[in-house]
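Okay, here's what each chain looks like letter by letter:
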Amino acid sequence: MTTASNTRTITKPSTETARKRSHKWVWLFEEGSADRRDLLGGKGAGVAEMTRAGLPVPPGFTITTEACNAFYETGKTFPEGLWDQVLAALAHLEKKTGKHFGDARNPLLVSVRSGAKFSMPGMMDTVLNLGLNATTLKGLTELTGDERFALDAYRRFIQLFGKIVLGIDGDLFEHELDAVKKKTKAESDAALTPKALLDVIDRYKGIVEREGNAPFPEDPVDQLRAAIGAVFDSWNNKRAIDYRNFNKIPHDLGTAVNVQTMVFGNMGNDSGTGVAFTRDPNTGEKVLFGEYLVNAQGEDVVAGIRTPQEIVQMETELPEVYRQFEKIAKKLERHYRDVQDMEFTIEKGKLFMLQTRTGKRTAQAAVQIAVDMVHERLISRKEAVLRIEPQQINQLLHRQIDPKAEVSLITTGLAASPGAASGKAVFDADRAEEMAAAGAKVLLVRIETNPDDVHGMFAAEGVLTARGGRTSHAAVVARGMGKPCVAGAEKLDVDLKGRKFTCSGITVREGDTITIDGTTGRVISGEVPLVDPTMSGALEELLSWADKFRRLQVWANADYPRDAERAVSFGAEGVGLCRTEHMFMEQERLPIVQRMILAPSAEGRQKELDLLLPIQRSDFEGIFTAMDGKPVIIRLIDPPLHEFLPSHETLLVEVTKLEQEGGHAKELEEKRKLLHAVESFREQNPMLGLRGCRLGLLFPEIITMQARAILEAAVRVMKKGITVHPEIMVPLVGHRTELQRTMAVIRHVADEVFTEAGTEVPYLIGTMIELPRAALTAGQIAEDAEFFSFGTNDLTQTTLGVSRDDAEGKFLQFYLTEKILSQNPFESIDRQGVGRLMAIAVDEGRKTRPGMSVGICGEHGGDPDSIAFCESLGMNYVSCSPYRVPIARLAAAHARLQETERDR
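Anyway, here's the lowdown on the structure attached to this text.

About the criteria used
- Residues numbered from 1 in each chain as written.
- Predicted model: local features only at pLDDT ≥ 70, side-chain atom pairs only at ≥ 80, totals over all residues.
- Heavy atoms only, no water.
- Helix = DSSP H or I, 4+ residues; strand = E, 2+ residues; numbered from the N terminus.
- Buried < 20%, exposed > 50% of the residue type's maximum accessible area, 1.4 Å probe, protein only.
- Salt bridge = Lys/Arg side-chain N within 4 Å of Asp/Glu carboxyl O.
- Polar contact = N/O pair within 3.5 Å; in protein donor to acceptor, adjacent residues only side chain to side chain.
- Contact = heavy atoms within 4.5 Å.
- Pairing = 2+ DSSP bridges.
- Phe/Tyr/Trp six-rings, centres within 6.5 Å; stacked < 30°, edge-to-face > 60°.
- Patch = residues over 30% accessible without salt bridge, like charges linked within 9 Å, V, L, I, M, F, W, Y side chains within 5 Å.
- Areas by Shrake-Rupley, 256 points an atom, 1.4 Å probe, with all protein chains shown as cover.
- Lys, Arg positive; Asp, Glu negative; His and termini not counted.
- Charge placed at Lys NZ, Arg CZ, Asp CG, Glu CD.
- Axes fitted to C-alpha atoms, helices over the stretch in contact; angles between N-to-C directions.
- Parallel < 35°, antiparallel > 145°, perpendicular 65-115°, else oblique.
- Left-handed = near helix turned anticlockwise from the far one by under 90°.
- Right-handed = clockwise from strand over helix to strand, strands pointing away.
- Expected span 1.5 Å × (residues − 1).
- Arc of directions from axis to C-beta.

### Some remarks on the overall build of the protein
Link 1 in the chain: Assigned secondary structure in the protein consists of 37 helices and 31 strands.
Link 2 in the chain: Principal-axis analysis of the C-alpha atoms gives the protein an extent of 105 × 70 × 55 Å.
Link 3 in the chain: Buried positions account for 55% of the 904 residues belonging to the protein.

This is the structure in structure tokens:
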């Protein structure tokens, strides 16, 4: 090996040294293969496979992901034996290429690139043209006969090395480059003359010496060692960590490092570089898709320094190369049986393949490609189902912001309910309903929502809150409605009285248009173009295949007939949760509910309940009709009664104001009575107070009305010739006796209804398992309960001893960031805690009542990881919001296929 100052020969380490350092840290491209992805990373495995297939790949070697992990374990030092193996592999490259590292006559130049197991485009670092110095620059110039090309390669190398390896601000280099272009009146980088490039190089070296406190390193071996360390180091840069967090990629995989012989796309108009996909990654269309640049290097395409050309234009400019590339693209796709993302360079008319990896694609494209490849007999239906991640389906069922749109970001909150919507900001539910009725599109903006806001949420296009988490009231209700929601946007200063919010110097007043993106959590100024979702034929076909593989049934949470109809259209096989209290919150019903609550006697309550009976019965008739023979589980009233009453704080302010103003005696007396009634229902911890079955036992007339509405509706629908399967669910049972008492009331009502109707409808009575005691005594409760349904939101709260909204707003994000918790227990089931209670309940319940139906109806019912856990417990169904039904169908298929694979 020749350097600027001396000549050395690269030799393999001695036999004794090799024996002592026998762990294989370095693999030549010809030694690797596609099945060593864990070890070689996606890029290393890809170039190894292409090399084995005889494709034109510049020779090189890969340093393993194990070496990266060892680098971190040893305090960011190379593990023993690594450097010797690197030098040995470098000697192999010299022999294979006939070039020598640091040689003044025929220099070997290499690229040093990252390459993790899972593609992380742009997240880690790459260094090109490594091996250049003042001496090898002359050799490269003489060898190519192109001084400008050699100087351009050198200035690129100094810039990349300075930024990535030495950690110097990249803008400093760009500033000097722009200054020289301005000085020489060059319109682009490619227009810089050799003299101008020499000026750039001198300026770049000055930056390195000034900012790095040392001259630019001249020894190619030192350059290589430093570059490998920098690429290892980039595994834990902020953008890489953030990318892994977002995509749920483990942090302990490490990155491989690929050292590859340089080929040059910037050697004239018969040279170039590009990136292409074997199919359109946006639509899935079977066409070669990509871009390339003539007379350029790879970073020019990625960085957008120059506007690239469509790949099809290469057919005109370089027809022979295009035909060769097209043939290779088809070969790679057939070999990998998936869409390939390929990087290539053309050096003086010769094509070189630098990388192939599985191509990133939109959800729409992913589904279309999977289905098309089944029809093309490239993959099986099972493979097609497994290739689509359930969460990808989420993107297909809600309106999304047009990816081409330019946006003005206000802030970012939690992505609480997917989809996007634009509308006028409105700060209270009544106003939202009023404006929507007048034809305006509105977004409801609140500090946080409560059940009083439901009518405004119905009217609004979407919901934005400053507080709350992904399972807050706003999030849960919005998901059930299929509306976008951004929650917990804590930087928003919401002034409800002033009807405005401020954030980072921006003020949005009522009536101003904003856009929310519930898929990413973005809050955007103004109206942004949206694209509509479609349940494409390809998606329907894919889900029909998934249905054949899954065991778990997929039901839906539906509170209104319209919800049930939507759920059925998405493939729901039943209703796993109909929340009767949501029906009470509609504006024409709420006054009746409030009068019922405030009635001083059972007789007074019954009078109002008699008015509610036909309303609830009509709702249930609609749901039974929509479900047309599918099971429907209806939960009796669950929340504490104060949630249906006006806010205590608001009433207190109103009473105080009236007392101060005087002259409103009648209104003041009414407000005082209402305030006294609200205070009588206030509790220190309403979540654990008078709610669920406890409420029904204290006020049995409420249970009586609801049971009658359910069963009368079932009889009426059955008499129309429609099969009905009503199941009545008793909430918050902790003791068997609570269930027994409640069941007695329901059975009595059923006898009355069936006697009056002259016919009977089969029905079941079961309970929600949402308290630890219920799970632990499930065997006893199953003596009476005919089915179990896990209410995992409350079961998680009561097991962990935390309030969901308080936790997400105060400390849960800190716990996740600091890795105190590995995942949000309100998004995915806490298997070791909550999951263990669920396993006990399933086991004990079925010991008492063999074959007992068990399901889940909390928000976890739409989470793929939680669905997999439900499959492992042998549960019968999962229930989720209607818009998550397709996701759950696919997730259930994945869970079953994976469970079957583990059983082999």
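### Digging into the pattern of salt bridges
Link 1 in the chain: Across all of its chains, the model carries 54 salt bridges by this definition.
Link 2 in the chain: Across the pair E621 and R716 runs a salt bridge, and its minimum N-O distance is 3.6 Å. Taken together, the residues E621 in helix 24 (residues 602–627) and R716 in helix 28 (residues 700–719) connect sequence positions 95 residues apart.
Link 3 in the chain: A relative accessible area of 15% places E621 in the buried class.
Link 4 in the chain: The class for R716 is partly exposed, based on a relative accessible area of 41%.
Link 5 in the chain: One network of salt bridges, with partners in common, ties together D152, R155, R156, D178, K181 and D189.

### A word on unusual backbone geometry
Link 1 in the chain: For K185, which is not glycine, the phi dihedral falls at a positive 60°.
Link 2 in the chain: By the element assignment, K185 lies in the loop between helix 7 (170–184) and helix 8 (194–212).
Link 3 in the chain: Despite not being glycine, K348 has its phi angle at roughly 50°, a positive value.

### Concerning the side chain of N237
Link 1 in the chain: You can see N237 is positioned in the loop between helix 9 (220–234) and helix 10 (238–247).
Link 2 in the chain: A distance of 3.0 Å separates a polar atom in the side chain of N237 from the backbone oxygen of S234.

### Description of the environment of A707
Link 1 in the chain: With respect to the helices and strands, A707 occurs in helix 28.
Link 2 in the chain: A C-alpha to C-alpha distance of 8.6 Å links A707 and V745, two positions 38 residues apart in sequence.
Link 3 in the chain: Ignoring anything within four residues of it in the chain, the contact list for A707 reads I746 and V749.

### Quick look at the pairing of strand 26 (residues 631–635)
In summary, the side chains of a regular strand alternate between the two faces of the sheet.
Link 1 in the chain: Most of strand 26 is tucked away: 5 of the 5 residues are buried.
Link 2 in the chain: Taking every second residue as pointing to the same face, both faces of strand 26 are buried, with P631, I633 and R635 on one and V632 and I634 on the other.
Link 3 in the chain: Bridge count between strand 25 (residues 575–579) and strand 26: 3 bridges; the pairing is parallel. Along strand 26, the bridge assignment pairs R579 with R635.
Link 4 in the chain: The sheet contact formed by strand 26 and strand 27 (residues 725–730) spans 5 bridges and is parallel. The residue of strand 27 that forms the bridge with I634 is I728.

### Quick word on the packing of aromatic side chains
Link 1 in the chain: With the rule as written, the count across this model stands at 19 aromatic pairs.
Link 2 in the chain: An angle of 90° between the planes, with centres 6.3 Å apart, marks the rings of F78 and F232 as edge-to-face. A residue pair is termed long-range when its members are at least 10 positions apart, and F78 in the loop between helix 3 (65–73) and helix 4 (82–97) and F232 in helix 9 qualify at 154 residues. Each of the two residues, F78 as well as F232, counts as buried.

### Some details on helix 3
Link 1 in the chain: Listed in full, the buried residues belonging to helix 3 are T65, A67, C68, A70 and F71.
Link 2 in the chain: Next to the buried residues of helix 3 lie helix 2 (37–52), strand 2 (60–63), helix 4, helix 9 and strand 5 (255–261).
Link 3 in the chain: Where helix 3 terminates, the next one or two residues include G75, which has phi positive at roughly 70°.

### Focus on a negative patch on the surface
Link 1 in the chain: Taken together, the side chains of E661, E667, E669 and E670 present a region of like negative charge at the surface.
Link 2 in the chain: At 3 residues, helix 26 (residues 665–681) tops the list of elements feeding residues into the negative patch.
Link 3 in the chain: With respect to the element layout, E669 can be found in helix 26.

### Some details on the sheet that holds strand 22 (residues 522–525)
Link 1 in the chain: With mixed pairing, 8 strands are arranged side by side in an open sheet as 12-22-21-14-15-16-17-13. The sheet terminates laterally at strand 12 (408–412) and strand 13 (414–417), the two strands that pair on one side only. In this sheet, adjacent strand axes meet at a mean angle of 35° when their direction is disregarded.

### Let's talk about the packing of helix 25 (residues 648–661) against helix 26
For any two helices packed against each other, the geometry is given by the interaxial angle and the distance between the axes.
Link 1 in the chain: The interhelical angle for the contact between helix 25 and helix 26, taken along N-to-C directions, is 150°, at an axis separation of 10 Å. What the angle tells us is that helix 25 and helix 26 run roughly antiparallel. When you trace helix 25 past helix 26, the crossing you get is left-handed. Here H648, L651, L652, E654, V655, L658 and E659 of helix 25 come into contact with helix 26, specifically with E667, L668, K671, R672, L674, L675, V678 and E679.

### Section: the pairing of strand 30 (residues 853–856)
Link 1 in the chain: Relative to strand 30, strand 29 (residues 787–790) runs parallel, the two sharing 4 bridges. Across the sheet, residue F788 finds its bridge partner in strand 30, namely V854.
Link 2 in the chain: One ladder, built from 2 bridges, connects strand 30 with strand 31 (residues 877–880); its direction is parallel. Bridge pairing links I856 to V878 in strand 31.
Link 3 in the chain: After leaving strand 30, the chain enters helix 36 (residues 864–872) and then returns to the sheet as strand 31, a path that is right-handed.

### Some thoughts on helix 35 (residues 834–848)
Link 1 in the chain: The terminal C-alpha atoms of helix 35, which comprises 15 residues, lie 21 Å apart, in line with the 21 Å expected from a rise of 1.5 Å per residue.
Link 2 in the chain: Looking only at helix 35, the buried set comprises V834, G835, L837, M838, A841, V842 and G845. Buried residues of helix 35, seen end-on, are gathered within an arc of 155° and therefore sit on one face of the element. Those residues of helix 35 that are exposed and angled more than 90 degrees off the buried face are R836 and K847.

### Regarding the sheet that holds strand 20 (residues 506–509)
Link 1 in the chain: Sheet architecture is open: 3 strands sit in the order 18-19-20, paired in antiparallel fashion. One side of each edge strand has no neighbouring strand; the edge strands of this open sheet are strand 18 (493–495) and strand 20. Across the sheet, the mean angle separating the axes of adjacent strands is 15° when strand polarity is ignored.
Link 2 in the chain: Where strand 19 (residues 500–503) lies against strand 20, 4 bridges are found, and the strand directions are antiparallel. Opposite T502, over in strand 20, you have T507 as the bridge partner.

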